[in-house]
Amino acid sequence: MTEKSSLNPIVIFDIDGVVRDVGNSYRRALADTVEHFTNTAYRPTPGDIDQLKSEGLWNNDWEASQEFIYRHFESLGQTRQQLQLDYKTIVAFFQSRYRGTDPDNWNGYICDEPLLLQPSYLEKLTESGIYWGFFSGATRGSATYVLHKRLGLQSPVLIAMEDAPGKPDPSGLFATIRLLETEINNNSAIIYVGDTVADMYTVRKAREMNPHRNLIGVGILPPHVQDTAAHSDVYTQTLLAAGAAIVLSNVQELNPVKIAELFREVGKN
């Protein structure tokens, strides 16, 4: 790693499973949606959802819901052409659970999401000369809700669902980097922090497209996989196999000291 690339490191965070615990919100809404559209015949378990997301293609929970529904009916001998699912109807039902029934004052599962980091953590990064922002597959409304209303961040750099193609396409990651680098050198070392295979694949694809950039993927164990040591270990190995440099149990473990260590290790390779 060159001296220039370490001057202003950048850390970009995914939101769901990293900044907030979505085990009883997004994932619950997903399970509700699949159960509803399969006429209560099938409700995916947390393990089922992890298995689907381990394919690296289903970062969008609306699309994941639809895929579960299709696969359920395919197991009964029906084809996708026969089903002709209405994606907009699926999304609307999902949102009625996640955001709630009042479009002006959300009253759904989103209101009760536990936070996984505190504003003081981000303040310490800033004090250490580390720039940070967010790239998430969540809608801008949902991402803004947690960043502004829950964390009190005024105008954080954010690329959300509406702003870029879905992961693992790295376009949104590059867009976030560009926004952060308007103030600093354009050869920064980059860490992207995520909790899914799609997040790690995003970093991998970004490196393939821009091999001269110092891009590191850091995996985070979402709370729902930390119920047992065995579950945590399996999920850790999945993220490492997908390209994570390290896997942490909470994002706040990625402190300035750990960030410097990561860049030193990469610089040796």
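Scroll up to find the structure this text is about.
No experiment lies behind these values; they were computed from the predicted model shown. (Residues numbered from 1 in each chain as written. Predicted model: local features only at pLDDT ≥ 70, side-chain atom pairs only at ≥ 80, totals over all residues. Heavy atoms only, no water.)

Enquirer: Got a minute to help me understand the nonpolar core in this structure?
Expert: Soluble, globular proteins show a tendency: their nonpolar side chains are buried together. Counting 54 residues, the largest nonpolar core has Phe13, Phe134, Ile191, Val193 and Leu254 as the members making the most contacts within it. Considering every element that reaches this core, the biggest residue donor is helix 3 (residues 61-75), with 6 residues. Excluding its chain neighbours within four sequence positions, the residues that come into contact with Ile191 are Ile10, Val11, Ile12, Ile216, Val218, Leu254, Ile259, Leu262 and Phe263. Among the nonpolar cores identified, the runner-up in size contains 15 residues, and Ile10, Ile177, Tyr192 and Val203 belong to it. (Core = buried A, V, L, I, M, F, W, Y, C linked by side-chain atoms within 4.5 Å. Buried < 20%, exposed > 50% of the residue type's maximum accessible area, 1.4 Å probe, protein only. Helix = DSSP H or I, 4+ residues; strand = E, 2+ residues; numbered from the N terminus. Contact = heavy atoms within 4.5 Å.)

Enquirer: Which parts of the structure should I look at to understand helix 6 (residues 119-127)?
Expert: Count 3.6 residues to each turn of an α-helix, and residues three or four apart come out pointing the same way. What helix 6 keeps buried is the set Tyr121, Leu122 and Leu125. Around the axis of helix 6, the buried residues are gathered within 95 degrees of arc, so they sit on the same side. Facing away from the buried side of helix 6, by more than 90 degrees, are the exposed residues Lys124 and Glu127. Positive phi shows up at Gly129, right after helix 6, with a value of about 80 degrees. (Arc of directions from axis to C-beta.)

Enquirer: Help me understand empty space enclosed by the protein, please; the structure alone is not making it clear to me.
Expert: Tallied over the full model, the rule gives 1 cavity of 30 Å³ or more. Contributing to the lining of the largest cavity are 23 residues, with Asp16, Tyr26, Lys53, Asn59 and Asp61 lying nearest its centre. Where the lining of the largest cavity is concerned, the elements lending two or more residues are helix 1 (26-37), helix 3 and helix 5 (87-98). Looking at the lining of the largest cavity, the element that brings in the most residues is helix 5, giving 3 residues. A class-by-class count of the residues in the lining of the largest cavity yields 7 nonpolar, 8 polar and 8 charged. (1 Å grid on protein atoms, 1.4 Å probe; cavity = no way out; pocket = protein on both sides within 12 Å on 5 of 7 lines; lining within 4 Å. Points joined across faces, edges and corners; volume = space filled by probe spheres on them. Nonpolar A, V, L, I, M, F, W, Y, C, P; charged D, E, K, R; others polar.)

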